[in-house]
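Remarks on the overall topology
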Amino acid sequence: MATPTDDHQENHMQILRQMPKVELHAHLNGSIRETTLFDLARERNIQLSSHHFSNDLLPGVDHSMYNVRPRSLQDCFAMFAEISTVVDDLPSIRRVAQEMLEDFAAEGCVYLEIRSTPKALLLLNGSSKLATKRDYCETVLQVMKEFQKLEQDRYNIDLSNGLKEFPRLPLVCRLIISVDRSNDVMNGWENIQLAIELKKEYPDMVVGVDLGGNPLKREFSDFRACFEAARQGGLFVTLHCAEVPCSDEEKESSAYQDANAILDFVPDRLGHALLLPPILQKKLEDLRIPVEACPTSNVMTLELAERNSGGSLLEGLSRHPQLKRWLFETNHPLAISTDDPGVFHTTATKELVLLQKAYSLTNADLQKIVEQSMDYAFANQETKYFIKQRIKDRFQMINEKRV
Ligand SMILES: [Zn+2]
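Here is a short report on the structure shown in this document. (Residues numbered from 1 in each chain as written. Predicted model: local features only at pLDDT ≥ 70, side-chain atom pairs only at ≥ 80, totals over all residues. Heavy atoms only, no water.)

1. Overview of the state of the cysteines
The criterion, for reference: Disulfides are defined as pairs of cysteine sulfur atoms found within 2.5 Å of each other. With a 1.4 Å probe rolled over the protein chains alone, any residue whose accessible area is under 20% of its type maximum counts as buried; one over 50% counts as exposed, and the rest are partly exposed.
Taken as a whole, this structure holds zero disulfides when the rule is applied. Summary of cysteine pairing: cysteine 173 is not part of a disulfide, and the nearest cysteine sulfur, belonging to cysteine 109, is at 9.5 Å. On the accessibility criterion, cysteine 173 (0% relative accessible area) is buried. Take cysteine 294: it sits in no disulfide, and the sulfur closest to it among the cysteines is that of cysteine 76, at 11 Å.

Shown next as structure tokens:
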């Protein structure tokens, strides 16, 4: 039975769900719905690891706000490998992309950048014919374009028939093509060349490139020339950075060198940048490179909330190595994101709830964070201006309690 506290929380969640949101760091496979993952595994007769994919949530606990699942950085890479075994053909990637768009739209997201590493998947499950990396990207782009059109049509109809005075804002989406540093440099070049070609063919939709994957594998310097080429090709660059610890006393360590080389490149944005030692932290703050900060993901991968003892994500967030400082002391450019809603059991709304509760933020603070995120989007200036205006207007309606 729902208690008054539950009702209050649900009401609060509802208000935050209506707020427009901007998502700049979300991986396609990591956004898979759990139900879809189980469906695809069943269809393929694949047994998923019960360590990572069990449903043994604590009874009576609002598990959405607690860390009850193993999600260390290494757990996550093991999970991504498993997800790839079930998302193995073009129809399954189409389904994952469609559902990801539906889920972000349902959370009030008005602008979403999907990132994904192109793979040569099967044309169909069970067939031996391989599709190409280009087929992979074009499948995702097709889903995105169709979804965007339907969203805009739905919004226009809602507005014109007057049934809803303030219908949900339509979702605009863009694609970032990733390079996985677990794969070799040739593989990285393939993805970058493909991104450059697709940027010419889909100039509005393909906006950037990303370096991700296991940070213990290879170094940014191995891929630096790829990202130079991407830049020359008119693509924005975001790089996952400082996901493993290093110290200023160990400048020769590969983790330090890697983080330093990434900062020297001055990418347009950084993913996480969690564990920079003081000298590199200062360098980041001087360069003011926007950081994509993913609260739940950070708490889980850094294991800031002890698992099995009902470790609260809120408590974990209070131990976040940087977020509080960035928000309140250095006013660092930030975009609050989800990273992998499927893997971390989160949503764009929950990330804002967490942030608001952990740092006692007002709705006006959240508005500032959302608007600021839009400043660092990779869309063209015209789109950014237009969406930012939309965000401002909707917040005004929410503040006047007209929504
Ligand atoms: Zn990421």
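2. Here we look at the sheet that holds strand 7 (residues 291-293)
Filter applied, for reference: In this scheme, strands are said to pair when DSSP sees at least two bridges between them. Only DSSP runs of H or I reaching four residues or more are called helices, and only runs of E reaching two or more are called strands; each is numbered from the N terminus. Between the N-to-C directions of two axes lies an angle of 0 to 180 degrees, each axis being a line fitted to C-alpha atoms and, for a helix, fitted only over the stretch in contact. Contact between two residues is taken to exist if any of their heavy atoms lie within 4.5 Å; hydrogens are not considered.
What the eight strands build is an open sheet, ordered 1-2-3-4-5-6-7-8; its pairing is parallel. Sheet topology places strand 1 (21-27) and strand 8 (334-336) at the edges, where each strand pairs with a single neighbour. Taken over all neighbouring pairs, the strand axes of this sheet differ in orientation by 25 degrees on average, direction set aside. Here strand 1 pairs with strand 2 (residues 109-116) via five bridges, running parallel. Looking at strand 2, one finds that valine 22 is bridged to tyrosine 111. Across the sheet, helix 5 (residues 90-106) lies against strand 1, strand 2 and strand 3 (172-180), angled at about 150 degrees from strand 2, the strand it touches most.

3. Regarding helix 10 (residues 278-287)
Here is the rule: Read the arc as the range of directions from the helix axis to the C-beta atoms.
Turning to helix 10, its buried residues number three or more, namely Leu280, Gln281, Leu284 and Glu285. Angularly, the buried residues of helix 10 cover 140 degrees about the axis, an arc narrow enough to put them on a single face. On the buried face of helix 10, the contacting elements are helix 9 (254-265), strand 6 (269-272), strand 7 and helix 13 (323-328). Looking one or two places after helix 10, you find arginine 288, whose phi comes out positive at around 50 degrees.

4. A few points about unusual backbone geometry
Residue alanine 273 is not a glycine yet carries a positive backbone phi of 45 degrees. By the element assignment, alanine 273 lies in the loop between strand 6 and helix 10. Backbone geometry places arginine 288, a non-glycine residue, at a positive phi of 50 degrees.

5. Notes on the coordination of the zinc ion
Stated formally: Atoms are scored as donors when they are N, O or S and lie within 2.8 Å of the metal, with 3.2 Å used for Na, K and Ca; no water is included, so coordination may look incomplete. When four donors show all angles between 85 and 135 degrees the site is tetrahedral, when four or six donors have opposite pairs over 155 degrees and all other angles between 65 and 115 it is square planar or octahedral respectively, and in every other case it is irregular.
Coordination of the zinc ion by the protein involves His25 (NE2), His27 (NE2), His240 (NE2) and Asp339 (OD), with metal-donor separations of 2.1 to 2.5 Å. Taken together, the four donor atoms coordinating the zinc ion span angles of 79 to 168 degrees at the metal, a pattern that classifies the geometry as irregular. Donor residues binding the zinc ion come from one chain and are separated in sequence as H-x1-H-x212-H-x98-D. Of the two residues, histidine 240 is situated in strand 5 (residues 236-241) and aspartate 339 in the loop between strand 8 and helix 14 (341-344); the sequence distance between them amounts to 99 residues. Histidine 240 gets classed as buried once you look at its relative accessible area, which sits at 7%. Look at aspartate 339 and you get buried, because its relative accessible area is 5%.

Remember, this is a structural readout, not a statement about activity or role.
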